[in-house]
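Given next are the chains, with one letter for each unit.
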Amino acid sequence: MSAILTELELGVRYTWGGLDKQVIKRSHVFAANLIRKAVHYGEGDVVKFGIWTERQPAGTYSSYGRLPRVRRKAVKRGTIGWKHYASAVQIDGPTLRGNIDVGIGALLRQDSLKSLGRNKANTLFSFIDEQMEEAISSLVFEIGTDIYGTGDGADGETLQGQKTIIDTTASYAGLAVGDVGTDDVDGLNRWSGHVDTNSGTNRSIGLEDVSAMLANLRRGTGEDDPEDIMVYMNNKVFNTFNLLLEGQHPQTDENLARLGFKNVVYDFATFVRDEMAPANQMIFINHNSFWLGIRNSADFDFLGFQQEDDSVVGHVISDLALICSDRHRQGRIEDISTI
């Protein structure tokens, strides 16, 4: 590698150290929360995770009676493939020649940045900073879009997003809806989300609809293992929801507010605006069983620079997997009329 490219790479790594934190700062709230709470993984072509399919045998017994025996497999395995994301950082020859009167070939023949002179070196780094800003913003947009979508299936290139995970008929993680048994409380399939739809016709909803959805997602007392439920919606739905809360005096999640995300807390769930969210919908995510996996060796990593034709190109990459171990604790209200 050219000495000048090595210097440029070191400069980027120094200036843009901790790229995952830079990505969080620039992400919309759903993506930012997932990246902030991400679970890191090592080698392997897929991520495998356990799913409880039914309760263990339990009950009473009489004197000299037999204790319950475990005679069935209570866990299935979900499997999610890694999705590979990249964004380019490029310094093209025409821009370089037009601003510092140095071509790509002449640049690569330099022994060091000092030989360019301070002014030209500073201009070059300003180009790189602009490119890094754009690369991260583009990567954030792609991830933010894909986590709300469907994905291209198990062998596709994009993340299988909430639209596939929160569904009553679609397979996910290698398992069909009927593969995991039924819920003991509501009798519905454990491997299906809760979807409140009005068949494509927008309608007004009330707080009772929101509370009913939250009741579908919760189990247990929540004191020892509180459920981390967040509800994502775009600006129009958020404003409509705020009108429903008039007179309720809702609180705010201060941790999210410090990150710059406007939110309100209602019925022990956090409702937050995210302009990437689909129109006329509220997306209910129980983060205890819904998380983003990031591979250790591709954690928003900068690969360095190399010459490609009349340009110098680098890439920021990340290996990601969107994982849900309990689809039945996720929900979506669709077809919401907004103000």
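Everything numeric in this text was worked out from a predicted model, so none of it was measured.

> I'd like to hear about the overall build of the protein chain, residue by residue, with values.
Along the protein chain, the regular secondary structure elements total ten helices and 13 strands. Within the protein chain, the fraction of its 339 residues that count as buried is 45%. For the protein chain, the exposed area adds up to about 17,200 Å²; of that, 46% sits on carbon and sulfur atoms.

> Tell me about the pairing of strand β12 (residues 311–324), and please be specific about residues and values.
β12 sits mainly inside the fold: twelve of its 14 residues count as buried. Where strand β4 (residues 83–92) lies against β12, ten bridges are found, and the strand directions are antiparallel. Paired with V89 across the bridge in β12 is G314. Sheet analysis places strand β11 (residues 301–307) next to β12, joined by five bridges and oriented antiparallel. Bridged to F305 within β12 is G314. Adjacent in sequence and paired antiparallel, β11 and β12 are bridged by three residues, among which D309 carries a positive phi angle near 55 degrees.

> An account of the side chain of S325 is needed here, citing residue identities and associated values.
Within the secondary structure layout, S325 lies in the loop between β12 and β13 (331–333). Sequence-distant contacts of S325, that is, excluding residues within four places in its chain, are made with F49, G50, I51, W191, S289 and W291.

> Describe the pattern of salt bridges, listing the residues and the values that go with them.
Inspection of every chain in the model, using the stated rule, returns eleven salt bridges. Notably, a salt bridge pairs D228 with K37, separated by 2.6 Å at the nearest N-O pair. Here K37 lies in the loop between α3 (29–36) and β1 (39–41) and D228 lies in the loop between α8 (207–217) and β6 (229–233), a separation of 191 residues in the sequence. Here D228 falls in the partly exposed class, since its relative accessible area comes to 25%. For R97, the salt bridge goes to D310, with nearest N and O atoms at 3.1 Å. Of the two residues, R97 sits in helix α4 (residues 93–100) while D310 sits in the loop between β11 and β12, which places them 213 residues apart along the sequence. Taking the relative accessible area as the measure of exposure, D310 reaches 35% and is therefore partly exposed. Through salt bridges that share partners, E9, R13 and D301 make up one connected network.

About the thresholds
Residues numbered from 1 in each chain as written. Predicted model: local features only at pLDDT ≥ 70, side-chain atom pairs only at ≥ 80, totals over all residues. Heavy atoms only, no water. Helix = DSSP H or I, 4+ residues; strand = E, 2+ residues; numbered from the N terminus. Buried < 20%, exposed > 50% of the residue type's maximum accessible area, 1.4 Å probe, protein only. Areas by Shrake-Rupley, 256 points an atom, 1.4 Å probe, with all protein chains shown as cover. Pairing = 2+ DSSP bridges. Contact = heavy atoms within 4.5 Å. Salt bridge = Lys/Arg side-chain N within 4 Å of Asp/Glu carboxyl O.

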